[in-house]
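Structure assessment
Spelled out from the first residue to the last, the chains are:
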Amino acid sequence: MRLYVYVLEGRELCVEDCYVKIQVGKFKSKTRVLRGSRNPVWNEEFAFRVHDMGDELIISVLHHDNDSGFFNSGNELVGRVRVPVSAVLAKENHSLPPTWFSLEGPRSGKFISKEYGKILLTISLHGSAQDTTVDHPLYAHSSVKTRDLKEREGPVESQDVVSSTTSTRKVPGGKQLMKAIASRLEKLLGKNEEPSKMDDSSETSSIPSDYEDCIEEQPPLSCSFQETIETMQSRNSEQEMPENLQGAILLDQTYIVSSKDLNMLLFAPNSQFRQGLAELQGTTNMKEGPWTWKSGDLSCLTRVVSYTQAATKLVKAVDATEEQTYIKADGREFAVFVSVSTPDVPYGNSFKVELLYKIMPGPELSSGEESSRLIVSWGMSFSQNTIMKGMIEGGARQGLKESFDQFANLLAQKFKMLYPIDSLDKDQMLATLETEQQSDWELAIKYFWNFTVVSTFFMVIYILAHILLSVHGEPQGLEFSGLDLPDSICELITCGILVIQLERVYAMILHFVQARFQRGSDHGVKAQGDGWVLTVALIEGINVASLDSTGLSDPYVVFTCNGRTRTSSVKLQTHDPQWNEILEFDAMEEPPAVLDVEVFDFDGPFDEATSLGHAEINFLKHTSTELADMWVSLEGKLALSSQSKLHLRIFLDNNNGVETIKEYLAKMEKEVGKKLTLRSPHRNSTFQKLFGLPSEEFLISDFTCYLKRKMPLQGRLFLSARIVGFYANLFGHKTKFFFLWEDIDDIQVHPPSLSSVGSPLLVIILQKGRGLDAGHGAKSQDEEGRLRFYFQSFVSFNVASRTIMGLWRTRTLTPEQKAQIAEEQQDEDVSSLVLEDPGSVFNVENANMAKVYSAELPIDIKSLMEMFDGGNLEHRIVEKSGYLNYMATDWETVKPDLYERRLCFRFNRHVSVFGGEVTCTQQKSPIGNDNGWILKEVMTLQDIPFGDHFRIHFRYQMESSGLAPGKCRCDVYMGILWLKSTVFQQRITRNITQKFTSRLKEIIELVEEEALLNCPQDTEIVPP
């Protein structure tokens, strides 16, 4: 793997003229020296090959001493930072965002006992052990330079360590380098009294965004803002409303206010709304420039707004500048494009955040009031390539989401919102698509209007006219009546060209007819049934890949959801297809989680279609607003090389309301074997906010448990219709993740052990490459690359495991697979310690139970049962009996009057020469009239010879004596259930029976002794 280190800047260093030295294992590199500043800004990038996850990243800040000799051997250490590589690997996305690290000072030297300062670093880990330097964008960037690092220990290839600076740094030319070396030599020889100082400061360049135009300074408007908008309206009436930016939609809401008034509220000079929003978000130093005409063009209005954004946990307070430009303003519809630049943040000169505000009239209201719809979308424009692009986009997305949540809340206080807009919008969008469908005649004209068809048509007409005008001649050469052969080479060539042209036209006609039959698929087919209805509107595609030399293809799209497919029509000979089709899936009992999209190139009904790209849309990672209008980037070699995208509008509706959820829960009850109730709206809302889920997600069940990693973490496991989620909050440190049921490859149950504190383990294994967002919660990754999650210490393990297994089977497995798993579980029930039916493990019909102990004890039944309550008496007894590492769970209710617990311990060498680990499951139930207890126990011996061949069963029957008060009777039965046969069966049975009979007698005598010693002195003891 490769470790990328970004040395950004230093703050309040104790000395000037510093540089940074970076070391990972035996690889080293260093930055340039920045002189004359205690707050240096390096902005340099380094990459190291990591061979051992146990390595440490060492960042050393050193003072450059001019008097230390030619090779700088006397440079003094200012401070140091150590970061384990494993700590970066444990972070989400294997990346550490820009973080300030305090320097640890040296124990000796010039700078001891001082404030050493801080350094700002960004660290990320990418790739795998097979990665090469060419695979990472850092090495493909033109600004990356490979240095000859002479400080590395041992011979290492040059590509192992790469150092790169930002594209704004200038590399000194050859003459400057020679001058620097000459100046250094002069100083060593005493020829230069005053050392020359090299200017190592980096220059900053600013590259304009793709959306920026050259803006000339214009004087402020002499008229009012409203009059200016009216002036723009008279010149801008034919301007079309722009498409949403491709980042995402931040806000899509309808308000009961006219579009003109909403525009005035948001963008008028000295807007009270903007000032209130600035106070709410902690924005300071806000300055609004005047609205001016852009470059003298009366159809483009612009202004500049500057302010200081409030500091966050990761980023300090920074200055920002907005350039706001009116793209459309016709009195009814308004579009404002905003370009936000923040040059002070890391990599701030390499990108700009773009926002698009669209204000349009809303639906007509019966009250006569006007309404307007506000849509805010965002995107990013990068002027320079950087490997931090993904992290920058993620940080911007999170910041904008929080900012526009506050924006929407404040705007909702000003105007009343209109909620039914979603259903209206859907109907309007789908109705618009229906009207935009092209007829077959229009498609045929567009497809056949080309040179091949037209030239063939004229050739056929020309030849037919020639035949009509020609006079029948006498046969010549080898001709005879009825056979007319070409009389010259030119005639032969003409006939050949005509045949080829006719063959091509025939192939085109056949291809068109086949494509039209392919259209008879799913477009316009209405959904049937009650439940979750998925509607996909396929609008268009851009840059669709092609295998043909012409660069054109015949694409069609296949959508797959919950095992069902829908297919679009074929668009012929295009790379920017326009579909405008509506595809509906029949109602589903359970809400869908993922929609698979794949684009194919049509080659005929009997030929295998070639995939041009695919994508997966996760409904849980997008809001309904984002799904209603989104551009999907296709994956795959062809799609990535062409940057193919699809424009979709997706709607997920529950046409049966709460009844659909109730029917789903009733179906799940049969699989789970327990009652499932519909949670309250408040509980569901809290669950949705906790994991950032859409509003249609509903909670089914939740359990308290421990997540087993290096250290067990107590939290809560949530189960919903589409996800498994875990949340924990330990002293303010929150851990949360979720993955889909479809991501799960296998679920295993491991028996109790010492490492699990006597509790069974539930292991959830994900499919390879799935659930990577939840990777920080996984305990390990197996050799196949699958993430493994370990959960333990459920309050009721049987209920939890049964619920999880039932939901997973219902969600992911076919009926045939469910039946197969049920049969396998029935076969495993005999040999498994932890079973779905708690009582089946105590089925001892084949164990041949025999009484091994019987006695009447001079203690009451309550004192005897203290041996099984997990208290001090029980621990004293087992300690004296030679049991090591004894652990017991609490009694939990399985059924009315039936309780269960588990034990785990080891035998010492006096009890068994093999030692061996023991796990037990105990169940107790009261005898009628509360006269005593029956306790059943199943014991499993591990790490001993033939331990997997048998189970030991005990049955304790303890009753109060009816003849004398304060006495009880105890009978113990024992049997051995053989799972596998062996020739040593009789010998092992005899040895176990003798050993455990004597052990039981010793233990009960110890209980009697301890109980008598703890009796009150005034209690009369009845002798046995």
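Residues numbered from 1 in each chain as written. Predicted model: local features only at pLDDT ≥ 70, side-chain atom pairs only at ≥ 80, totals over all residues. Heavy atoms only, no water.

A separate point is the overall build of the chain. Tallying secondary structure elements over the chain gives 20 helices and 43 strands in all. In the chain, which comprises 1024 residues, the share counted as buried stands at 46%. Accessible area for the chain stands at about 54,000 Å²; split by element, carbon and sulfur atoms hold 52% of it. (Helix = DSSP H or I, 4+ residues; strand = E, 2+ residues; numbered from the N terminus. Buried < 20%, exposed > 50% of the residue type's maximum accessible area, 1.4 Å probe, protein only. Areas by Shrake-Rupley, 256 points an atom, 1.4 Å probe, with all protein chains shown as cover.)

Pairing is antiparallel in the open sheet, where four strands are placed in the order S23-S20-S27-S26. One side of each edge strand has no neighbouring strand; the edge strands of this open sheet are strand S23 (578-584) and strand S26 (630-633). The mean angle between the axes of side-by-side strands here comes to 25 degrees, regardless of whether they run parallel or antiparallel. Looking at chain direction, S26 and strand S27 (residues 645-654) are connected through four bridges and run antiparallel. Residue pairing in the sheet places Trp631 in a bridge with His647 of S27. (Pairing = 2+ DSSP bridges. Axes fitted to C-alpha atoms, helices over the stretch in contact; angles between N-to-C directions.)

Moving on, we get to the nonpolar core. In terms of nonpolar packing, the biggest core is built from 55 residues, with Leu262, Tyr326, Tyr357, Leu374, Phe407 and Leu411 touching the most fellow members. Counting residues per element, this core draws most heavily on helix H7 (residues 389-414), which supplies eight residues. One finds Phe954, Val972, Met974 and Val1007 within the second-largest nonpolar core, a separate group that totals 44 residues. (Core = buried A, V, L, I, M, F, W, Y, C linked by side-chain atoms within 4.5 Å.)

What follows concerns the sheet that holds strand S5 (residues 56-63). Hydrogen bonds between backbone groups are what pair the strands of a sheet, and the pairing can be parallel or antiparallel. An order of S3-S2-S5-S6 is seen for the four strands of this open sheet, with the pairing classed as antiparallel. The open sheet has two edge strands, strand S3 (27-30) and strand S6 (76-84), and neither has a second partner. For this sheet, the mean inter-axis angle between neighbouring strands, taken without regard to orientation, is 20 degrees. Across seven bridges, the pairing between strand S2 (residues 18-24) and S5 is antiparallel. Bridged to Ile22 within S5 is Ile59.

Moving on, we get to unusual backbone geometry. Among all residues except glycine, the phi angle is most often negative; among peptide bonds, the trans geometry is most common. A positive phi angle, close to 60 degrees, is found at Ser793, a residue other than glycine. Positionally, Ser793 belongs in the loop between strand S35 (787-792) and helix H16 (797-812). Residue class for Ser793 comes out partly exposed when judged on its relative accessible area of 27%. A positive phi angle, near 65 degrees, is found at Asp897, a position not held by glycine.

Along the polypeptide, Trp378 turns up in strand S18 (residues 372-382). Each C-alpha atom, one on Trp378 and one on Ser339, is 9.9 Å from the other, the two residues being 39 residues apart in sequence. Not counting residues within four places of it along the chain, the set of residues in contact with Trp378 comprises Leu245, Gln246, Gly247, Ala248, Leu250, Glu354, Leu355, Glu393, Ala396, Arg397 and Leu400. (Contact = heavy atoms within 4.5 Å.)

A few words now on the confidence of the model for the chain. In the predicted model, the chain carries a mean pLDDT of 77, and 78% of its residues have values of at least 70. Across residues 420-424 the pLDDT falls below 50, and counting only partners more than four positions away or on other chains, this stretch makes three contacts in the model. (pLDDT = per-residue confidence, 0-100.)

Relative to the 21 Å expected for 15 residues at 1.5 Å per residue, helix H14 (residues 658-672) spans 21 Å between its end C-alpha atoms, a close match to the ideal helical length. Buried residues of H14: Thr660, Ile661, Tyr664, Leu665, Met668 and Val672, and no others. All buried residues of H14 lie within an arc of 130 degrees about the axis, which places them on one face of the element. Packing partners of the buried residues in H14 comprise strand S20 (532-542), S27, strand S28 (699-708) and H16. Trailing H14 by a residue or two, Gly673 shows a phi angle of about 85 degrees, which is positive. (Expected span 1.5 Å × (residues − 1). Arc of directions from axis to C-beta.)

What follows covers the environment of Gly551. Relative to the helices and strands, Gly551 is located in the loop between S20 and strand S21 (555-561). Of the residues examined, Gly551 reaches a relative accessible area of 33% and is grouped as partly exposed. Between the C-alpha atom of Gly551 and that of His575, which follows or precedes it by 24 residues, the distance is 7.3 Å. Setting aside residues no more than four positions away along its own chain, Gly551 makes contact with Ser546 and His575.

Bringing the packing of H14 against H16 into the picture now. Running from N to C, H14 and H16 point in directions that differ by 120 degrees, and their axes come no closer than 8 Å. Looking at the two axes, H14 sits oblique to H16. Handedness of the crossing formed by H14 with H16: right-handed. Here Lys667, Met668, Glu671 and Val672 of H14 lie close against H16, whose contacting residues are Arg802, Thr803, Gly806, Leu807 and Thr810. In terms of residue class, the contact of H14 with H16 is built from three nonpolar, three polar and three charged. (Parallel < 35°, antiparallel > 145°, perpendicular 65-115°, else oblique. Left-handed = near helix turned anticlockwise from the far one by under 90°. Nonpolar A, V, L, I, M, F, W, Y, C, P; charged D, E, K, R; others polar.)

For the structure shown, the criterion picks out 28 salt bridges. Of the charged contacts in the structure, one is a salt bridge between Asp586 and Arg566, with a shortest N-O distance of 3.8 Å. Of the two residues, Asp586 sits in the loop between S23 and strand S24 (594-601) while Arg566 sits in strand S22 (residues 564-567), which places them 20 residues apart along the sequence. Note that Arg969 is salt-bridged to Asp971, the shortest N-O span being 3.7 Å. Judged by relative accessible area, which is 37%, Arg969 ranks as partly exposed. Taking the relative accessible area as the measure of exposure, Asp971 reaches 9% and is therefore buried. Ionic contacts of the salt-bridge type, sharing partners, join the residues Asp745, Asp782, Glu784, Arg786 and Arg788 into one network. (Salt bridge = Lys/Arg side-chain N within 4 Å of Asp/Glu carboxyl O.)

So, about the packing of helix H19 (residues 872-880) against helix H20 (residues 985-1013). As a packed pair, H19 and H20 sit with axes 10 Å apart at the nearest point and diverge in direction by 135 degrees. Viewed along their axes, H19 and H20 adopt a mutual orientation that is oblique. Once H19 is placed against H20, the crossing between them reads as right-handed. Contacts between H19 and H20 involve Leu873, Arg876, Ile877 and Lys880 from the former and Ile1003, Leu1006, Val1007 and Glu1010 from the latter.

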